[in-house]
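Inside the fold
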Amino acid sequence: QVVVHLDGVHKEYGDLKALDGVSLEIRAGEAVAVMGPSGCGKSTLLNMVAGLDRPSAGTVRVNGHDLGGLNETGLALFRRRQIGMIFQFFNLLDDLPALDNVALAAQLTGTSAKQARHRALELLDELGIADRRNTYPAALSGGERQRVAVARALMNRPALLLADEPTGALDSRSGEQVMDLLIDLNQIGQTLLIVTHDPKLADRCASRLVEFADGRVARERALGRQA
Ligand code: ADP
Ligand code: ADP
């Protein structure tokens, strides 16, 4: 089963070609790392797959949804139902404790507050931070913040988890814990797309490496962790 299918995707910003004909397929259960120099189009690629931006040409299909056929409302719904995202700087809401940061993701899709909090607590528990549920992001360590962000991303059981430099702001020990968490999630079937500069993250967590250069796929190869 194919989760991500990009076919001939171009993205231009004025004269600048951020993506220059990208075709890429990610199958269910794969963990794919995208690497490449700064400015080569990695974030643009993530934005296309997440439905946060639209290609200038080409098609993007995620879990059977052709994103080109969705209007803004459809894209927002698609994002909430199909995509989980984690970021280098966590993007938690500072004025909500950990549990509410996680629960909000489900309430936004229409789940009742009670059910959302129940599932949020379950996830925090699975990620080993249930005891931090009432703590605000400012009082959490970096590693704890990223685990809260992972719990939030998993709330709606996304078909695809996107990670943008998920260990980039963490010390090496917390970074390794987050890598182990990503590996665990992939081992229970979560499809992952990770953008990173860190070869160690790619090597440890991914089953396939996609090397980007100048808005194109320059090279693809299997990594140690086979899906
Ligand atoms: P990476 O994530 O690999 O560093 P990006 O996808 O962020 O690369 O950027 C690819 C190219 O597109 C860069 O030259 C960048 O400056 C340009 N770019 C990205 N977003 C925009 C935008 N919103 N407007 C104009 N140029 C952009
Ligand atoms: P917006 O105001 O951009 O529509 P949303 O209402 O979609 O934002 O989301 C509210 C909060 O939940 C934001 O902080 C956002 O980062 C987070 N969020 C939304 N969807 C996801 C997701 N799929 N994975 C992780 N965080 C998400």
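What you are looking at is a predicted structure, and each value in this text was computed from that prediction instead of being measured. (Residues numbered from 1 in each chain as written. Chains lettered and ligands numbered in written order. Predicted model: local features only at pLDDT ≥ 70, side-chain atom pairs only at ≥ 80, totals over all residues. Heavy atoms only, no water.)

**Quick notes on the overall build of the protein**
Our working definition: Labels follow the DSSP assignment, with helices taken as runs of H or I lasting at least four residues and strands as runs of E lasting at least two, numbered in each case from the N terminus. With the radius of gyration taken over C-alpha atoms, the globule rule is written as 2.2 Å times the number of residues to the power 0.38. Note on exposure labels: buried denotes an accessible area under 20% of the residue type's maximum, exposed denotes more than 50%, and partly exposed covers the range between, all computed with a 1.4 Å probe on protein chains only. Any two residues whose heavy atoms approach within 4.5 Å are treated as being in contact. Note on areas: Shrake-Rupley, 1.4 Å probe, and residue coverage restricted to the protein chains presented here.
When its secondary structure is counted, the protein shows seven helices and ten strands. By the compact-globule yardstick of 17 Å for 227 residues, the protein fits well, its C-alpha radius of gyration being 17 Å. For the protein, the spread of C-alpha atoms along the principal axes amounts to about 45 × 40 × 35 Å. Expressed as a percentage of the 227 residues in the protein, the buried residues total 49%. For the protein, the share of sequence-separated contacts (at least 6 apart) that also reach a separation of at least 24 residues comes to 67%. Here the protein has roughly 10,500 Å² of accessible surface; of this, 47% comes from carbon and sulfur atoms.

**Let's talk about the site of ligand 1**
The criterion, for reference: Throughout, near means a residue has at least one heavy atom within 4 Å of the molecule or strand. Polar contacts, as used here, are pairs of N or O atoms within 3.5 Å; protein pairs need one atom able to donate a hydrogen and one able to accept it. Residues neighboring in sequence count only if both atoms are side-chain atoms.
Around ligand 1 sit Tyr13, Leu16, Ala18, Pro37, Ser38, Gly39, Cys40, Gly41, Lys42, Ser43 and Thr44, and those are all the residues in its vicinity. Taking Lys42, its side chain carries an N or O atom lying 2.9 Å from an oxygen atom of ligand 1. Between ligand 1 and Ser43, the relevant distance is 2.7 Å, taken from an oxygen atom to a side-chain nitrogen or oxygen of the residue. Within the complex, the protein chains bury 58% of what would otherwise be the 560 Å² of accessible surface of ligand 1. Among the elements of the structure, strand 2 (16-27) and helix 1 (42-49) are those that each provide at least two residues to the shell around ligand 1. Per-element accounting of the shell around ligand 1 gives the leading share, three residues, to helix 1.

**Considerations on the nonpolar core**
Our working rule: Definition of nonpolar core: a set of buried residues of the types Ala, Val, Leu, Ile, Met, Phe, Trp, Tyr and Cys, connected through side-chain atoms within 4.5 Å.
Counting residues in hydrophobic clusters, the biggest one holds 37 residues, and the most contacted among them are Val148, Met155 and Leu182. If we ignore the near neighbours within four places in the chain, the residues touching Met155 are Val102, Ala103, Ala105, Ala106, Ala116, Arg119, Ala120 and Leu123. With 29 residues, the next largest nonpolar core counts Cys40, Met48, Val60 and Leu67 among its residues.

**Quick notes on the packing of helix 3 (residues 98-107) against helix 4 (residues 113-126)**
This is how the line gets drawn: Comment: axis = line fitted to C-alpha atoms, over the contacting stretch for helices; angle = value between 0 and 180 degrees taken between N-to-C directions. Orientation categories follow fixed angle ranges, with anything under 35 degrees roughly parallel, anything over 145 roughly antiparallel, 65 to 115 roughly perpendicular, and all other angles oblique. Here a crossing is called left-handed whenever its near helix is offset anticlockwise from the far helix by less than a right angle, and right-handed whenever the offset is clockwise. Put simply, Ala, Val, Leu, Ile, Met, Phe, Trp, Tyr, Cys and Pro go in the nonpolar bin, Asp, Glu, Lys and Arg in the charged bin, and everything else, Gly too, in the polar bin.
The geometry of helix 3 relative to helix 4 is characterised by a closest axis approach of 8 Å and an angle of 125° between their N-to-C directions. Between helix 3 and helix 4, the angle falls in the class oblique. Handedness of the helix 3/helix 4 crossing: right-handed. When helix 3 is examined against helix 4, the residues Ala98, Leu99, Asp100, Val102, Ala103, Ala106 and Gln107 are found in contact with a partner set consisting of Ala113, Ala116, Arg117, Ala120, Leu121 and Leu124. Class assignment for the residues of the contact of helix 3 with helix 4 results in ten nonpolar, one polar and two charged.

**Points about the site of ligand 2**
The environment of ligand 2 is made up of Arg79, Arg80, Ile83, Gly84, Met85, Leu93, Leu108, Arg152 and Ala153. Backbone polar atom of Met85 to a nitrogen atom of ligand 2: 3.1 Å apart, as the coordinates give it. Starting from 550 Å² of accessible surface for ligand 2 in isolation, the protein chains cover 58%. Of all the secondary-structure elements, those providing two or more residues to the shell around ligand 2 are helix 2 (72-82), strand 6 (83-86) and helix 5 (142-154). Looking at the shell around ligand 2, the element that brings in the most residues is strand 6, giving three residues.

**Focus: the packing of helix 5 against helix 6 (residues 172-187)**
The axes of two packed helices give the description: the angle between them and the distance between them. It is at 9 Å that the axes of helix 5 and helix 6 come closest, and there the two elements cross at 20°. With respect to their mutual orientation, helix 5 and helix 6 come out roughly parallel. Like other packed secondary-structure pairs, helix 5 and helix 6 cross with a definite hand, here right-handed. Residues Gly143, Gln146, Arg147, Val150 and Leu154 of helix 5 touch helix 6, and the partners they reach there are Ser174, Gln177, Val178, Leu181 and Leu185. Taken together, the residues that form the contact of helix 5 with helix 6 break down as five nonpolar, four polar and one charged.

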